[in-house]
Amino acid sequence: MLVYSRKRESPAHFFEYIEPGPLPQMSIPESFRKNIKRGRKNQSAILKRGSKKWFVSVSDWVFGKGWEKFTRENGVKEFDIVVFKHEGNMVFDTMVFNNISRCERECSNNRVTESSRKRKIDTNEFTHEFVASNDTIPVQHPYFIGTLRSTDSLYELRLPSNFTRSNGLITGEMILKNGQSQRSWTVEVKIHEGSYTCIGRGWHEFCIENRLKEGDQFKLELIQTGNKPVAIFYNLGTNQTESHGIVGTPYFVGTIGEYSNSQYRMYIPKKFALENGLTNGELILKHVENEGSWTVNLSNHLGIFYYIISGLKEFCIANGYEKGDRIKFKLIQSGKKPIFSISK
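All of these numbers come straight from a predicted model, not from anything done at the bench.

Engineer: How do you make sense of the side chain of Asp 80 when you look at a structure like this?
Structural biologist: In this fold, Asp 80 is placed in the loop between helix 2 (67-73) and strand 5 (81-88). Judged by relative accessible area, Asp 80 falls into the buried class, the value being 1%. Within the local environment of Asp 80, its side chain forms a polar contact with the backbone nitrogen of Lys 77, the two atoms lying 2.9 Å apart. A polar side-chain atom of Asp 80 sits 2.5 Å from a polar atom in the side chain of Arg 105.

Engineer: Honestly, empty space enclosed by the protein in this entry has me stumped. Any pointers?
Structural biologist: Regions of empty space are outlined by a rolling probe, equal in size to a water molecule, passed over the atoms. Tallying each qualifying case throughout the model produces two cavities of 30 Å³ or more. Counted as a void, the second largest cavity has a volume near 70 Å³. Gly 179, Gln 180, Tyr 234, Asn 235, Leu 236, Thr 255, Gly 257, Glu 258, Arg 265 and Tyr 267 together form the lining of the second largest cavity. Contributions of two or more residues to the lining of the second largest cavity are made by strand 15 (230-244), strand 17 (257-260) and strand 18 (263-267). Its residues assigned to classes, the lining of the second largest cavity comprises three nonpolar, five polar and two charged.

Engineer: Would you mind showing me how to read the packing of aromatic side chains here?
Structural biologist: Throughout the structure, instances matching the rule amount to 23 aromatic pairs. Summarising the aromatic geometry, the rings of Trp 67 and Phe 84 are spaced 6.2 Å apart at their centres and angled 35° between planes, so their arrangement reads as tilted. Placement of Trp 67 in helix 2 and of Phe 84 in strand 5 is noted, with a sequence separation of 17 residues between them. Per residue, the accessibility class of Trp 67 equals that of Phe 84, and both read buried. Note on Phe 218 and Phe 233: the rings are 5.2 Å apart at their centroids and 15° apart in plane angle, and the pair reads as stacked. Of this pair, Phe 218 sits in strand 14 (residues 217-224) while Phe 233 sits in strand 15, placing them 15 residues apart in sequence. When its relative accessible area of 2% is taken as the criterion, Phe 233 is described as buried. Each member of the aromatic cluster is reached from another via a ring pair, and the members are Phe 14, Phe 32, Trp 54, Phe 63, Trp 67, Phe 70, Phe 84 and Phe 92. Directly above the ring of Tyr 196 sits Arg 158, whose terminal nitrogen or CZ lies 3.7 Å from the centroid.

Reading the values: rules and limits
- Residues numbered from 1 in each chain as written.
- Predicted model: local features only at pLDDT ≥ 70, side-chain atom pairs only at ≥ 80, totals over all residues.
- Heavy atoms only, no water.
- Helix = DSSP H or I, 4+ residues; strand = E, 2+ residues; numbered from the N terminus.
- Buried < 20%, exposed > 50% of the residue type's maximum accessible area, 1.4 Å probe, protein only.
- Polar contact = N/O pair within 3.5 Å; in protein donor to acceptor, adjacent residues only side chain to side chain.
- 1 Å grid on protein atoms, 1.4 Å probe; cavity = no way out; pocket = protein on both sides within 12 Å on 5 of 7 lines; lining within 4 Å.
- Points joined across faces, edges and corners; volume = space filled by probe spheres on them.
- Nonpolar A, V, L, I, M, F, W, Y, C, P; charged D, E, K, R; others polar.
- Phe/Tyr/Trp six-rings, centres within 6.5 Å; stacked < 30°, edge-to-face > 60°.
- Lys NZ or Arg CZ within 6 Å of the ring centre and 35° of its normal.

Following this line, the structure appears as structure tokens:
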């Protein structure tokens, strides 16, 4: 009797979940890389959808130039899912799914258009407006999240190697903007003693003028590449504990940022949120000087970002706060509906 053994086929598909905010870096999953022919340089990939193709550069398995164009021309939005089918030789057939309708997004001539230049993006948690150029989906930008972990980080800011390589950052000047005040500084990107890439000259002055300190969390968003890149720095706040005798009152200090023309946003440090059981739901804000209370909504994305959007602008207007103001959030009552005391 002849016995035939069926060869186990390697997986041909993987997917990428598009997180809210700037366009995240896209990398081929480590567990999938073994399915790609060894010995190949893998410095480029071809993405197919319908009858059109996009050529994308690849560095250390991370998609670079061309990935942004693919997402823009296919109308990829926050919370969407992009499915990749490997057809061999770094050629991928793709599908884009709307995470709200759970259906594949249509593409007419592989370009998404709108009759009006002003439109709204609807997601599971919020709606915001933007003005698109040439009636197309706006460009999303690469970014990374970090923490100023030591005093040394106030004199130079190390940049992740994958971030610098995939975005073509080399030595030279960079324009760094404060995401809250929109002021700009010129800083220098350099390679420190041939070991790592960092922001050196101008960074310490940026920290001083923006009152940054050890423990602050931040987001660095690269909005323009080229000979003189432009990046936006968002201070996400710090996580501290204030001692009152035996019992400590947890608090953090954050900066009011702009989410869109019609919304404000406040990031809550991840460590603070987890330590105090803050995941999502309603919060009560009480101002130390003014009477009354305001209900706002806390949201999180995949346990990575914790932020307040809904209700925050109304609170700020009522209490005279503006974008760029730093506010102290002191947790005075936990539970199903936590209460914060707010002050400058």
